[in-house]
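Take a look at the letters that make up each chain.
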Amino acid sequence: MTGLAAPATGAAPTAAGPVWLVGTGPGDPGLLTVRAAQLLGSAVPPRDIVLYDNLVHADILALLPPGVERRYVGKRRSDHALPQDTLSALMVSLARSGRRVLRLKGGDPFIFGRGGEELEALVEAGVPWHIVPGITAGTGVATVAGIPLTHRRLAQSCTFVTGHLQDGSMDLDWPALVRPRQTVVVYMGLVGLPTLCAQLIAHGRDPATPAAIVQQGTTPGQRLLSATLARLPEMVSRAGLHGPTLIVVGEVVALGEKLRGGVPD
Ligand code: SAH
(Lines give C-alpha, C1' and ligand atoms only; values in the text may rest on other atoms or scores of the structure.)
Protein backbone atom coordinates (compact mmCIF):
# COMPACT_ATOMS: atom_id res chain seq x y z
CA MET A 1 0.00 0.00 0.00
CA THR A 2 1.50 3.31 -1.00
CA GLY A 3 0.28 6.76 -0.06
CA LEU A 4 -1.01 7.20 -3.58
CA ALA A 5 -4.60 6.53 -4.55
CA ALA A 6 -4.95 3.89 -7.25
CA PRO A 7 -4.68 5.63 -10.63
CA ALA A 8 -7.61 5.72 -13.03
CA THR A 9 -6.95 2.72 -15.19
CA GLY A 10 -8.34 1.26 -18.38
CA ALA A 11 -8.15 -2.17 -19.95
CA ALA A 12 -6.73 -5.20 -18.16
CA PRO A 13 -2.93 -5.41 -18.24
CA THR A 14 -1.42 -7.09 -21.30
CA ALA A 15 2.03 -7.01 -22.84
CA ALA A 16 1.13 -3.78 -24.62
CA GLY A 17 2.05 -0.40 -23.21
CA PRO A 18 0.71 0.89 -21.04
CA VAL A 19 0.18 4.45 -22.17
CA TRP A 20 0.28 7.07 -19.43
CA LEU A 21 -1.60 10.23 -20.28
CA VAL A 22 0.08 12.74 -18.01
CA GLY A 23 -0.95 16.33 -17.31
CA THR A 24 2.16 18.41 -16.68
CA GLY A 25 0.57 21.60 -15.37
CA PRO A 26 1.00 25.13 -16.68
CA GLY A 27 4.79 25.20 -16.97
CA ASP A 28 6.61 25.49 -13.65
CA PRO A 29 8.00 22.01 -12.83
CA GLY A 30 7.15 22.71 -9.20
CA LEU A 31 3.49 22.48 -10.17
CA LEU A 32 3.71 18.90 -11.42
CA THR A 33 1.82 16.36 -9.35
CA VAL A 34 3.99 13.99 -7.32
CA ARG A 35 2.86 11.15 -9.57
CA ALA A 36 3.84 13.00 -12.76
CA ALA A 37 7.26 13.86 -11.32
CA GLN A 38 7.78 10.22 -10.28
CA LEU A 39 6.84 8.96 -13.73
CA LEU A 40 9.19 11.39 -15.46
CA GLY A 41 12.08 10.72 -13.10
CA SER A 42 11.74 6.93 -13.31
CA ALA A 43 11.45 6.63 -17.10
CA VAL A 44 13.78 3.93 -18.39
CA PRO A 45 15.52 3.83 -21.76
CA PRO A 46 14.99 2.16 -24.17
CA ARG A 47 11.64 0.79 -22.96
CA ASP A 48 9.97 4.13 -22.34
CA ILE A 49 9.18 6.81 -24.90
CA VAL A 50 7.93 10.32 -24.22
CA LEU A 51 5.53 12.08 -26.57
CA TYR A 52 5.11 15.76 -25.79
CA ASP A 53 3.63 18.89 -27.27
CA ASN A 54 4.60 22.54 -27.29
CA LEU A 55 2.97 23.34 -23.95
CA VAL A 56 5.28 20.99 -22.08
CA HIS A 57 7.99 23.26 -20.73
CA ALA A 58 11.67 22.41 -21.35
CA ASP A 59 12.29 22.47 -17.57
CA ILE A 60 9.85 19.57 -17.26
CA LEU A 61 11.48 17.51 -20.01
CA ALA A 62 14.76 18.13 -18.18
CA LEU A 63 13.48 15.86 -15.39
CA LEU A 64 13.74 12.83 -17.71
CA PRO A 65 16.76 10.61 -17.16
CA PRO A 66 19.37 10.82 -19.94
CA GLY A 67 18.80 8.55 -22.91
CA VAL A 68 14.99 8.43 -22.69
CA GLU A 69 13.62 8.85 -26.21
CA ARG A 70 11.38 11.88 -26.59
CA ARG A 71 9.33 12.94 -29.60
CA TYR A 72 7.63 16.25 -30.29
CA VAL A 73 4.07 15.62 -31.47
CA GLY A 74 2.55 19.01 -30.76
CA LYS A 75 0.34 21.29 -32.70
CA ARG A 76 0.77 24.95 -33.27
CA ARG A 77 -1.91 27.19 -34.69
CA SER A 78 -2.17 26.46 -38.43
CA ASP A 79 0.89 24.22 -38.18
CA HIS A 80 -0.35 20.77 -37.33
CA ALA A 81 2.76 18.80 -36.48
CA LEU A 82 0.80 15.55 -36.33
CA PRO A 83 -2.90 15.13 -37.09
CA GLN A 84 -4.84 13.74 -34.13
CA ASP A 85 -5.59 10.40 -35.85
CA THR A 86 -1.93 9.88 -36.71
CA LEU A 87 -0.93 10.66 -33.15
CA SER A 88 -3.47 8.26 -31.69
CA ALA A 89 -2.33 5.55 -34.13
CA LEU A 90 1.28 6.23 -33.14
CA MET A 91 0.49 5.77 -29.44
CA VAL A 92 -1.31 2.52 -30.16
CA SER A 93 1.46 1.10 -32.32
CA LEU A 94 4.20 2.10 -29.86
CA ALA A 95 2.27 0.47 -27.03
CA ARG A 96 1.67 -2.68 -29.07
CA SER A 97 5.37 -2.91 -29.82
CA GLY A 98 5.95 -3.18 -26.08
CA ARG A 99 6.98 0.41 -25.37
CA ARG A 100 5.68 2.18 -22.31
CA VAL A 101 4.42 5.55 -23.55
CA LEU A 102 4.42 8.71 -21.47
CA ARG A 103 2.13 11.08 -23.31
CA LEU A 104 2.76 14.46 -21.71
CA LYS A 105 0.17 17.18 -22.10
CA GLY A 106 0.29 20.73 -20.78
CA GLY A 107 -2.09 21.51 -17.94
CA ASP A 108 -4.74 18.83 -17.46
CA PRO A 109 -5.22 16.23 -20.22
CA PHE A 110 -8.99 16.66 -20.17
CA ILE A 111 -9.23 20.46 -20.28
CA PHE A 112 -9.01 21.64 -23.89
CA GLY A 113 -6.36 19.00 -24.32
CA ARG A 114 -7.95 16.37 -26.58
CA GLY A 115 -7.17 13.84 -23.87
CA GLY A 116 -10.64 12.39 -24.33
CA GLU A 117 -10.01 11.70 -28.00
CA GLU A 118 -6.66 10.07 -27.31
CA LEU A 119 -8.15 7.91 -24.58
CA GLU A 120 -11.00 6.82 -26.84
CA ALA A 121 -8.47 5.60 -29.39
CA LEU A 122 -6.58 3.64 -26.72
CA VAL A 123 -9.76 2.08 -25.38
CA GLU A 124 -10.91 1.11 -28.87
CA ALA A 125 -7.54 -0.50 -29.54
CA GLY A 126 -7.61 -2.33 -26.21
CA VAL A 127 -4.36 -0.70 -25.07
CA PRO A 128 -3.99 -0.41 -21.27
CA TRP A 129 -3.83 3.15 -20.05
CA HIS A 130 -3.49 5.34 -16.99
CA ILE A 131 -4.21 9.01 -16.59
CA VAL A 132 -2.65 11.61 -14.32
CA PRO A 133 -4.51 14.89 -13.84
CA GLY A 134 -2.59 18.15 -14.00
CA ILE A 135 -3.13 21.69 -12.79
CA THR A 136 -4.94 23.35 -15.65
CA ALA A 137 -3.72 26.74 -16.89
CA GLY A 138 -7.02 28.34 -15.91
CA THR A 139 -6.46 27.83 -12.23
CA GLY A 140 -2.67 27.51 -12.08
CA VAL A 141 -1.85 30.61 -14.12
CA ALA A 142 -4.52 32.81 -12.55
CA THR A 143 -3.60 31.82 -9.02
CA VAL A 144 0.13 32.32 -9.51
CA ALA A 145 -0.70 35.72 -11.05
CA GLY A 146 -2.61 36.60 -7.88
CA ILE A 147 -6.07 36.57 -9.47
CA PRO A 148 -8.66 34.70 -7.36
CA LEU A 149 -11.09 33.26 -9.89
CA THR A 150 -13.94 33.22 -7.41
CA HIS A 151 -14.59 35.60 -4.55
CA ARG A 152 -17.53 35.74 -2.19
CA ARG A 153 -18.36 39.33 -3.11
CA LEU A 154 -17.24 39.55 -6.74
CA ALA A 155 -17.68 36.22 -8.53
CA GLN A 156 -19.78 33.23 -7.54
CA SER A 157 -18.94 31.29 -10.67
CA CYS A 158 -16.16 30.87 -13.14
CA THR A 159 -16.45 29.67 -16.72
CA PHE A 160 -13.66 28.22 -18.85
CA VAL A 161 -14.05 28.75 -22.59
CA THR A 162 -11.91 28.38 -25.69
CA GLY A 163 -11.33 31.56 -27.66
CA HIS A 164 -10.09 29.66 -30.70
CA LEU A 165 -11.36 31.31 -33.86
CA GLN A 166 -13.36 29.17 -36.31
CA ASP A 167 -13.52 30.87 -39.70
CA GLY A 168 -12.66 34.19 -38.07
CA SER A 169 -15.42 34.07 -35.47
CA MET A 170 -15.92 32.73 -31.98
CA ASP A 171 -18.84 30.42 -31.38
CA LEU A 172 -19.57 31.10 -27.72
CA ASP A 173 -22.72 31.45 -25.63
CA TRP A 174 -22.37 35.22 -25.24
CA PRO A 175 -25.56 35.84 -23.20
CA ALA A 176 -24.29 33.31 -20.63
CA LEU A 177 -20.82 34.85 -20.55
CA VAL A 178 -22.00 38.37 -19.78
CA ARG A 179 -24.01 37.39 -16.69
CA PRO A 180 -22.86 39.39 -13.67
CA ARG A 181 -20.66 38.18 -10.81
CA GLN A 182 -18.93 35.67 -13.01
CA THR A 183 -15.31 35.26 -14.04
CA VAL A 184 -14.62 34.17 -17.60
CA VAL A 185 -11.34 32.42 -18.33
CA VAL A 186 -10.37 32.16 -21.97
CA TYR A 187 -7.91 29.60 -23.30
CA MET A 188 -6.39 30.02 -26.79
CA GLY A 189 -7.74 33.56 -27.02
CA LEU A 190 -4.79 35.71 -28.08
CA VAL A 191 -5.52 35.94 -31.80
CA GLY A 192 -9.24 36.37 -31.20
CA LEU A 193 -8.87 38.86 -28.35
CA PRO A 194 -10.38 41.85 -30.24
CA THR A 195 -13.38 39.69 -31.24
CA LEU A 196 -13.76 38.37 -27.71
CA CYS A 197 -13.79 41.80 -26.07
CA ALA A 198 -16.04 43.33 -28.74
CA GLN A 199 -18.58 40.51 -28.43
CA LEU A 200 -18.68 40.62 -24.64
CA ILE A 201 -19.30 44.37 -24.77
CA ALA A 202 -21.87 44.04 -27.57
CA HIS A 203 -23.77 41.51 -25.47
CA GLY A 204 -23.87 43.76 -22.45
CA ARG A 205 -20.76 43.33 -20.37
CA ASP A 206 -19.57 46.71 -19.08
CA PRO A 207 -16.63 48.01 -21.19
CA ALA A 208 -15.00 49.02 -17.89
CA THR A 209 -14.91 45.39 -16.68
CA PRO A 210 -11.38 44.55 -15.56
CA ALA A 211 -9.57 42.11 -17.86
CA ALA A 212 -6.09 40.63 -17.83
CA ILE A 213 -3.90 38.51 -20.05
CA VAL A 214 -1.06 36.37 -18.77
CA GLN A 215 1.64 35.16 -21.12
CA GLN A 216 3.61 32.01 -20.23
CA GLY A 217 2.13 31.95 -16.77
CA THR A 218 4.10 30.31 -13.91
CA THR A 219 7.32 30.29 -15.98
CA PRO A 220 10.26 32.73 -15.99
CA GLY A 221 8.71 34.26 -19.15
CA GLN A 222 5.50 35.24 -17.33
CA ARG A 223 4.10 38.61 -18.35
CA LEU A 224 0.82 40.08 -17.17
CA LEU A 225 -1.10 42.97 -18.69
CA SER A 226 -4.30 44.23 -17.20
CA ALA A 227 -6.73 46.87 -18.39
CA THR A 228 -10.43 47.13 -19.06
CA LEU A 229 -12.34 44.98 -21.51
CA ALA A 230 -12.47 47.96 -23.87
CA ARG A 231 -8.74 48.71 -23.72
CA LEU A 232 -7.09 45.30 -23.44
CA PRO A 233 -6.85 44.46 -27.19
CA GLU A 234 -5.04 47.68 -28.04
CA MET A 235 -2.68 47.29 -25.09
CA VAL A 236 -1.89 43.72 -26.11
CA SER A 237 -1.22 44.59 -29.73
CA ARG A 238 1.22 47.30 -28.61
CA ALA A 239 2.95 44.95 -26.18
CA GLY A 240 3.43 42.19 -28.79
CA LEU A 241 2.56 39.20 -26.62
CA HIS A 242 2.90 35.64 -27.84
CA GLY A 243 1.36 32.37 -26.71
CA PRO A 244 0.55 30.63 -24.61
CA THR A 245 -1.64 33.25 -23.03
CA LEU A 246 -4.60 33.04 -20.70
CA ILE A 247 -7.26 35.75 -20.54
CA VAL A 248 -9.29 36.49 -17.44
CA VAL A 249 -12.33 38.77 -17.50
CA GLY A 250 -14.15 39.91 -14.40
CA GLU A 251 -14.08 42.06 -11.29
CA VAL A 252 -11.63 39.67 -9.61
CA VAL A 253 -8.92 40.97 -11.95
CA ALA A 254 -9.00 44.33 -10.16
CA LEU A 255 -8.77 42.52 -6.85
CA GLY A 256 -5.69 40.76 -8.21
CA GLU A 257 -4.05 44.14 -8.76
CA LYS A 258 -4.68 45.02 -5.15
CA LEU A 259 -3.37 41.65 -3.98
CA ARG A 260 -0.22 42.05 -6.06
CA GLY A 261 0.31 45.53 -4.67
CA GLY A 262 -0.26 47.49 -7.86
CA VAL A 263 -0.41 46.99 -11.59
CA PRO A 264 2.72 45.17 -12.72
CA ASP A 265 4.58 46.43 -15.78
N1 SAH B 1 -4.75 21.18 -21.36
C2 SAH B 1 -4.26 22.53 -21.15
C3 SAH B 1 -4.83 23.53 -22.12
C4 SAH B 1 -4.51 23.26 -23.57
S5 SAH B 1 -5.13 24.49 -24.65
C6 SAH B 1 -4.57 22.95 -19.70
O7 SAH B 1 -5.31 22.27 -19.00
O8 SAH B 1 -4.02 23.98 -19.29
C9 SAH B 1 -3.76 25.58 -24.76
C10 SAH B 1 -4.05 26.89 -24.05
O11 SAH B 1 -3.85 26.78 -22.65
C12 SAH B 1 -3.14 28.02 -24.46
O13 SAH B 1 -3.53 28.59 -25.70
C14 SAH B 1 -3.35 28.97 -23.32
O15 SAH B 1 -4.58 29.63 -23.44
C16 SAH B 1 -3.45 28.03 -22.14
N17 SAH B 1 -2.17 27.89 -21.43
C18 SAH B 1 -1.51 26.75 -21.22
N19 SAH B 1 -0.38 26.97 -20.50
C20 SAH B 1 -0.35 28.31 -20.26
C21 SAH B 1 0.55 29.16 -19.59
N22 SAH B 1 1.65 28.69 -18.98
N23 SAH B 1 0.28 30.49 -19.53
C24 SAH B 1 -0.83 30.98 -20.11
N25 SAH B 1 -1.72 30.22 -20.77
C26 SAH B 1 -1.49 28.89 -20.84
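For the structure given in this document, a descriptive report is provided here. These figures come from a predicted structure and were not determined experimentally.

### Points about the overall build of the chain
Right, so step 1: Counting its secondary structure elements, the chain contains 9 helices and 13 strands.
Right, so step 2: At 20 Å, the chain has a C-alpha radius of gyration in line with the 18 Å of a compact globule built from 265 residues.
Right, so step 3: For the chain, the spread of C-alpha atoms along the principal axes amounts to about 60 × 40 × 35 Å.
Right, so step 4: Contacts in the chain between residues at least 24 apart in sequence constitute 70% of all its contacts with a sequence separation of at least 6.
Right, so step 5: For the chain, the accessible area works out to roughly 12500 Å², and carbon and sulfur atoms hold 57% of it.
Right, so step 6: Where the 23 positive side-chain charges of the chain centre and where its 20 negative ones centre are 5 Å apart.

### Structural notes on the environment of Ile-111
Right, so step 1: As for its placement among the helices and strands, Ile-111 is situated in the loop between strand E7 (100-105) and helix H4 (115-125).
Right, so step 2: Residue Ile-111 is classed as partly exposed on the basis of its relative accessible area of 31%.
Right, so step 3: Along the backbone, Ile-111 and Trp-20 are 91 residues apart, and their C-alpha atoms lie at a distance of 16 Å.
Right, so step 4: Those residues in contact with Ile-111 that sit more than four places away from it in its chain are Thr-136, Phe-160 and Tyr-187.

### Details of unusual backbone geometry
Right, so step 1: A cis amide bond, omega 0 degrees, links Gly-17 with the succeeding residue Pro-18.
Right, so step 2: Examined against the element boundaries, Pro-18 turns out to sit in the loop between strand E1 (8-9) and strand E2 (19-23).
Right, so step 3: The step from Pro-45 to Pro-46 runs through a cis peptide bond, and the omega angle for that step is -5 degrees.
Right, so step 4: Note on placement: Pro-46 falls in the loop between helix H1 (34-41) and strand E3 (48-52).
Right, so step 5: Although it is not a glycine, Phe-112 adopts a positive phi angle of roughly 45 degrees.
Right, so step 6: Mapped onto the fold, Phe-112 is located in the loop between E7 and H4.
Right, so step 7: Its relative accessible area of 37% is what places Phe-112 among the partly exposed residues.

What counts and what doesn't
Residues numbered from 1 in each chain as written. Predicted model: local features only at pLDDT ≥ 70, side-chain atom pairs only at ≥ 80, totals over all residues. Heavy atoms only, no water. Helix = DSSP H or I, 4+ residues; strand = E, 2+ residues; numbered from the N terminus. Rg over C-alpha atoms; globule rule 2.2 N^0.38 Å. Contact = heavy atoms within 4.5 Å. Areas by Shrake-Rupley, 256 points an atom, 1.4 Å probe, with all protein chains shown as cover. Lys, Arg positive; Asp, Glu negative; His and termini not counted. Charge placed at Lys NZ, Arg CZ, Asp CG, Glu CD. Buried < 20%, exposed > 50% of the residue type's maximum accessible area, 1.4 Å probe, protein only.

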